[in-house]
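Residue strings, one per chain:
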Amino acid sequence: MPIFFYRYFMRSETPSPPKQRETIFGCVKFGLIAITGTTGVGKSQLAIELARALNGEVINADAMQVYRGYEIITNKVNRSEMQDVPHHLLGDVEPHREYTVHEFEQDAIAKITEIQGRGRIPILVGGTNYYIQSVIFRKALISKNARNLTDSDVGCDPRLHAFEEQNAHKSNQELWEELKQTDPIMAEKWHANNRRKVLRSLEVLHTSGKRHSEWIRESNQAREQEETLRFSTLLFWLYADTPTLNQRLDSRVDKMIERGMFDELAQLKNQMSDPDKENVSRGEFTSGLMQAIGFREFSDYLTTTKDSSEREQLKTKGIDDMKASTRRYSKRQVSWIRNKLLPECKSTLHKSIRAHTFVLDATDLSLWNTDVRDKAIDIAKIFDSNLPMPEPTSLSETARTLLTDIKSSPNSALAWKRHLCTVCSKSAEESSNGVAREVWLNGDDEYQQHLRSRQHKKNTKYRKRMYPLQEKKKRI
Ligand SMILES: [Zn+2]
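Cut-offs used in this document
Residues numbered from 1 in each chain as written. Predicted model: local features only at pLDDT ≥ 70, side-chain atom pairs only at ≥ 80, totals over all residues. Heavy atoms only, no water. Helix = DSSP H or I, 4+ residues; strand = E, 2+ residues; numbered from the N terminus. Expected span 1.5 Å × (residues − 1). Buried < 20%, exposed > 50% of the residue type's maximum accessible area, 1.4 Å probe, protein only. Arc of directions from axis to C-beta. Contact = heavy atoms within 4.5 Å. Phe/Tyr/Trp six-rings, centres within 6.5 Å; stacked < 30°, edge-to-face > 60°. Lys NZ or Arg CZ within 6 Å of the ring centre and 35° of its normal.

1. Focus on helix 14 (residues 261-272)
And step 1. Helix length check: helix 14, at 12 residues, gives a terminal C-alpha distance of 16 Å against a target of 16 Å (1.5 Å per residue), a fit within 8%.
And step 2. Listed in full, the buried residues belonging to helix 14 are Met261, Phe262, Glu264, Leu265, Leu268 and Met272. Angular distribution of buried residues about the axis of helix 14 spans 160°; they occupy a single face of the element. Relative to its buried face, helix 14 has exposed residues pointing more than 90 degrees away, namely Asp263 and Asn270.
And step 3. The secondary structure elements touched by the buried residues of helix 14 are helix 3 (71-74), helix 13 (242-258), helix 15 (299-303) and helix 16 (308-346).

Structural data, given as structure tokens:
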């Protein structure tokens, strides 16, 4: 949908109605705007522009930016960049203190309610996935749903041990055949050799009189109906294509060094080795601000007593490592947004409290004002006025590509299919101990992960070398 349409659409709207949103059981729900995306893509800037246009206030959702000081390594916005927009949960926590996601969740929700109470719009901005999800969804739903819900209760249930003993005389194959007769859906899910899972599914039917697959389906349905969102949400995913973003991230590291990052790192190192501080001795790079990218990468450089040429080498290596870590981090952020956050948001679209997701393309910074700022402001105004939202895929080609094929829910326990990897499986004559070995993967995700694994690649190479003809035939 071209931008002029929003402009036209908005012009026809006279003064905004109050910021009250959908009414559920008599209580008024207020809206929340959230901005996420990889590091270095311009989230903080967009948050400020939106806040200025919509009378909003910004709440930080970056796990490193909650800490006080160290402006350069944490990439915090400075006073003048804030342009008088109030910022919350930004630089409040002492660097040596461990600030938990639970604390963040409570603090952020309190701030959101407070801002809404002032009749203003809260804008949550950050790239720390567990921070964003803890605020948007109740009970950190994503991680809970991502797990197979039948896994958690296997192994510690005393009834299962009794059932196991009763069936001890049966072979794996016999048990599986039994499951295939009574609950074919679960039999399709488990491999016959997965004795514990097969037994568990049989035991569920035995003790409850209802099939295991039926239990799963019902619990999925219940979750489908459940309100998962805390607030009616407008989520912006600020995106830049990977090659462009990587260049931008590299040059950002260089700029951080110019601005005096090493002084900050040395200062942090000093502060962390102060024995009076709590938490210091615990895992060096895994708590508090020490997890910031850069601290671990330059650790050798900052502590070396070597001469200047070796120091220079360590510095160069640190720069390379920091750039690589930043790129890896941004890649992880994108895959979390695509595979966890977006499916979870999509699953709210048929409920009464919804999360609308829009992609903004920040690849070409010369188009920022038209492609990012203005589009975001227009959409946010539509959201704030409680008008029908535009179609997210119509926003840009990038949006269409990124938003197509988003799974509707991350939890599809019954849709799982087992995959047999014919490359890694071995027949009796192929294997060294004369025993056939089948490699089964549970579900598409596990299968895709397996196809990328070192072991699978190694086996592919080996097969090509050992059985070139056979492999060729297979491909035909
Ligand atoms: Zn394989």
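2. Observations regarding the packing of aromatic side chains
And step 1. Going through the model one piece at a time under the given rule, you end up with 6 aromatic pairs.
And step 2. With a centroid separation of 4.0 Å and 15° between ring planes, the pair formed by phenylalanine 104 and tyrosine 131 is classed as stacked. Of this pair, phenylalanine 104 sits in helix 5 (residues 101-117) while tyrosine 131 sits in helix 6 (residues 129-136), placing them 27 residues apart in sequence.
And step 3. By relative accessible area, which is 0% here, phenylalanine 104 ends up buried.
And step 4. You can call tyrosine 131 buried: its relative accessible area is 2%.
And step 5. Consider the rings of tryptophan 237 and tyrosine 239, whose centres lie 5.6 Å apart with planes at 85°: the pair is edge-to-face. With respect to burial, tryptophan 237 and tyrosine 239 carry one shared label: buried.
And step 6. By way of ring pairs, the aromatic residues Phe104, Tyr130 and Tyr131 are connected into one cluster.
And step 7. Over the ring of tryptophan 215 we find lysine 210; its NZ or CZ atom is 4.1 Å from the centre of that ring.

3. Description of unusual backbone geometry
And step 1. At asparagine 55, a position not held by glycine, the phi torsion is positive, near 60°.
And step 2. With respect to the secondary-structure elements, asparagine 55 resides in the loop between helix 2 (43-54) and strand 3 (56-60).
And step 3. Since its relative accessible area comes to 37%, asparagine 55 is described here as partly exposed.
And step 4. At glutamine 83, a position not held by glycine, the phi torsion is positive, near 45°.
And step 5. What makes glutamine 83 partly exposed here is its relative accessible area of 37%.

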